[in-house]
Amino acid sequence: MFPAAFDYSAPTTLSEALSTLQQRGDDAKVMAGGQSLIPLLKLRFAQPQLILDIGRIQGLNGIKRDDGHVSIGALARHVDIERSKELAKLVPLMVEAVHWIADPLVRNRGTLVGSVCHADPSGDWGSIMLALNAEVVAQSAKGERVIPVDGFFEGPFTTTLRPDEIVTAIRVPLPSGPAGGSYHKLERKVGDFATVAVSVQVELDGRKVKKAGIGLTAVSETNIKAKKAEQWLVGRELTDDAIAEAGRLAAEAAEPKDDIRGTAAYKKDVVRVFVQRGLKAALARAQEVKA
Ligand SMILES: Cc1cc2nc3c(=O)[nH]c(=O)nc-3n(C[C@H](O)[C@H](O)[C@H](O)COP(=O)(O)OP(=O)(O)OC[C@H]3O[C@@H](n4cnc5c(N)ncnc54)[C@H](O)[C@@H]3O)c2cc1C
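Rules used in this analysis
- Residues numbered from 1 in each chain as written.
- Predicted model: local features only at pLDDT ≥ 70, side-chain atom pairs only at ≥ 80, totals over all residues.
- Heavy atoms only, no water.
- Helix = DSSP H or I, 4+ residues; strand = E, 2+ residues; numbered from the N terminus.
- Buried < 20%, exposed > 50% of the residue type's maximum accessible area, 1.4 Å probe, protein only.
- Pairing = 2+ DSSP bridges.
- Contact = heavy atoms within 4.5 Å.
- Axes fitted to C-alpha atoms, helices over the stretch in contact; angles between N-to-C directions.
- Phe/Tyr/Trp six-rings, centres within 6.5 Å; stacked < 30°, edge-to-face > 60°.
- Lys NZ or Arg CZ within 6 Å of the ring centre and 35° of its normal.
- Salt bridge = Lys/Arg side-chain N within 4 Å of Asp/Glu carboxyl O.
- Core = buried A, V, L, I, M, F, W, Y, C linked by side-chain atoms within 4.5 Å.
- Expected span 1.5 Å × (residues − 1).
- Near = heavy atom within 4 Å.
- Polar contact = N/O pair within 3.5 Å; in protein donor to acceptor, adjacent residues only side chain to side chain.
- Areas by Shrake-Rupley, 256 points an atom, 1.4 Å probe, with all protein chains shown as cover.
- Nonpolar A, V, L, I, M, F, W, Y, C, P; charged D, E, K, R; others polar.

## Description of unusual backbone geometry
Phi at arginine 44 is positive, roughly 65°, even though this residue is not glycine. Position of arginine 44 among the secondary structure elements: in the loop between helix H2 (37–42) and strand E3 (50–53). Relative accessible area serves as the criterion here: at 37%, arginine 44 is assigned to the partly exposed category. Residues other than glycine seldom take positive phi values, yet alanine 102 does so here, at roughly 50°. Tracing the backbone shows alanine 102 in the loop between helix H5 (92–97) and helix H6 (104–109).

## Notes on the sheet that holds strand E11 (residues 179–187)
The four strands lie next to each other as E11-E12-E13-E14, forming an open sheet whose pairing is antiparallel. Single-partner strands in this sheet number two, and they are E11 and strand E14 (224–225). Inspection of the sheet shows E11 paired to strand E12 (residues 194–205) by nine bridges, in the antiparallel sense. When the bridges of E12 are listed, histidine 184 appears paired with valine 198. The sheet contacts of helix H8 (residues 124–131) involve E11, E12, strand E13 (208–217) and E14, and relative to E13 the element is tilted by about 160°.

## Overview of the packing of aromatic side chains
Aromatic ring pairs are described here by two measures, namely the spacing of the ring centres and the angle between the planes. Considering all chains together, one arrives at one aromatic pair under this definition. Measuring from ring centre to ring centre gives 5.9 Å for phenylalanine 152 and phenylalanine 153, while their planes differ by 65°; the resulting arrangement is edge-to-face. One residue, arginine 236, lies across the ring of tryptophan 232, its end atom 3.4 Å from the ring centre.

## Points about the pattern of salt bridges
Under the defined criterion, the tally for this structure stands at 20 salt bridges. Note that arginine 188 is salt-bridged to aspartate 192, the shortest N-O span being 2.9 Å. Its salt-bridge partner being arginine 261, residue aspartate 192 comes within 2.9 Å of it at the nearest N-O pair. Of this pair, aspartate 192 sits in the loop between E11 and E12 while arginine 261 sits in the loop between helix H10 (240–253) and helix H11 (264–290), and the two are 69 residues apart along the sequence. Taken together, the shared-partner salt bridges in this structure form one network comprising Asp124, Lys185 and Glu187.

## Here's the deal with the nonpolar core
Core analysis: the biggest nonpolar cluster contains 51 residues, and Val91, Met94, Leu112, Val116, Trp125 and Met129 have the highest contact counts within it. Excluding anything up to four places from it in sequence, leucine 112 contacts Ile72, Ala76, His78, Ile81, Met94, Trp125, Met129 and Ile170. Counting residues in each nonpolar core, the second largest holds 29 residues, with Val219, Val275, Leu279 and Ala286 among its members.

## Some details on the environment of isoleucine 54
Relative to the helices and strands, isoleucine 54 resides in the loop between E3 and strand E4 (63–65). On a C-alpha basis, the gap between isoleucine 54 and alanine 74 in space is 8.9 Å, while along the polypeptide they are 20 residues apart. Discounting residues that sit within four places of it in the chain, isoleucine 54 has contacts with Val30, Met31, Ala32, Ala74, Leu75 and Ile166.

## A word on the sheet that holds E3
Strand order in the open sheet made by the three strands is E1-E3-E2, with parallel pairing throughout. Looking at which strands have only one partner, the edges of the open sheet turn out to be strand E1 (7–9) and strand E2 (28–31). Taking each pair of neighbouring strands and ignoring which way they run, the sheet shows an average axis angle of 20°. Along the sheet face, helix H1 (residues 14–24) touches E1, E2 and E3 and points at about 160° away from the line of E3.

## So, H10
Spanning 14 residues, H10 covers 20 Å between terminal C-alpha atoms, matching the ideal 20 Å at 1.5 Å per step. If you check which residues of H10 are buried, you get Ala242, Ile243, Ala246, Gly247, Leu249, Ala250 and Ala251.

## Things to note about the site of the ligand
As a structural note, the neighbourhood of the ligand is formed by 32 residues, with Val30, Gln35, Ser36, Thr111 and Asp124 the closest of them. In this structure, alanine 32 approaches the ligand through a main-chain N or O atom, which is 2.8 Å from an oxygen atom. At 2.7 Å, a backbone N or O of glutamine 35 approaches an oxygen atom of the ligand. Contact with the protein chains hides 89% of the accessible area of the ligand, taken as 980 Å² for the molecule alone. Going through the elements one at a time, E2, helix H7 (112–118) and strand E10 (166–173) are the ones with two or more residues in the shell around the ligand. The element contributing the most residues to the shell around the ligand is H7, with five residues. Of the residues in the shell around the ligand, the class split is 16 nonpolar, twelve polar and four charged.

Take a look at the structure:
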């Protein structure tokens, strides 16, 4: 199907883009890589009057270490994350996880920021960003605001972003001690969206957990954070019993539905098992960092 007719604007500066959104935000859609937006337009699930293509704006494509965090620019593509030596050192979870996203064609065009803004409950980056306690940096003509990803997703394909805002970057806080992460994804075939996926990040203080992040994919109306499981882990050693309880608590937080990919009960059990596997892998990686 062809998209409905729309105006197209491709500004070369952020201020130009923001001033266009200030005037026409309610009727416009920002486009980065177009990997999710273009299919929506073709299916006519979205019929904006204006496509604001931000692809020519300079300075939005960087992956930069800053004060206590690493910042992923709005035009940094999945492939840039895949190839980033800095990220491989600072947040290896992201470099491991990116291979699970779509296929090389999509990874060459699509962006992390676009994925998070798309807010697909089956999207991978949302739960990874939740596990990492990342923040969204949103800019409008009126100024900047920083929104924790935990709180950014309002519902399926809906976020708290305002129509006049552009996300310029996502900030991922850096651990202050030994840390490790993992991403486990069950998919029907390579390149498919998740049946279930689980993202885990732990930071250690000695043998105990200082911080824990657990994000769940495709088991609720949005990507979700398994907060009770996270809280349970803090201050504890990652013994088999502690890990088993975290898996149980995370499965309790999941609210999957029966669909062609599996029953709700099956998906809950996959969450339980993946949280356990994820925590064991994250612990081993954190201990490697320490050694
Ligand atoms: C065949 C195929 C397979 C896929 N498989 C997977 C998969 O396995 N896992 C997965 O997680 N995803 C998958 N995807 C989805 C895809 O990876 C991402 O959703 C996509 O990369 C989003 O990034 P984009 O830059 O293309 O965003 P776009 O398509 O340009 O935009 C997506 C949405 O975000 C908004 N947006 C984008 N950038 C900004 C910004 N800077 N500020 C404000 N709003 C913005 C747009 O308005 C739009 O609503 C797949 C897609 C395809 C086509």
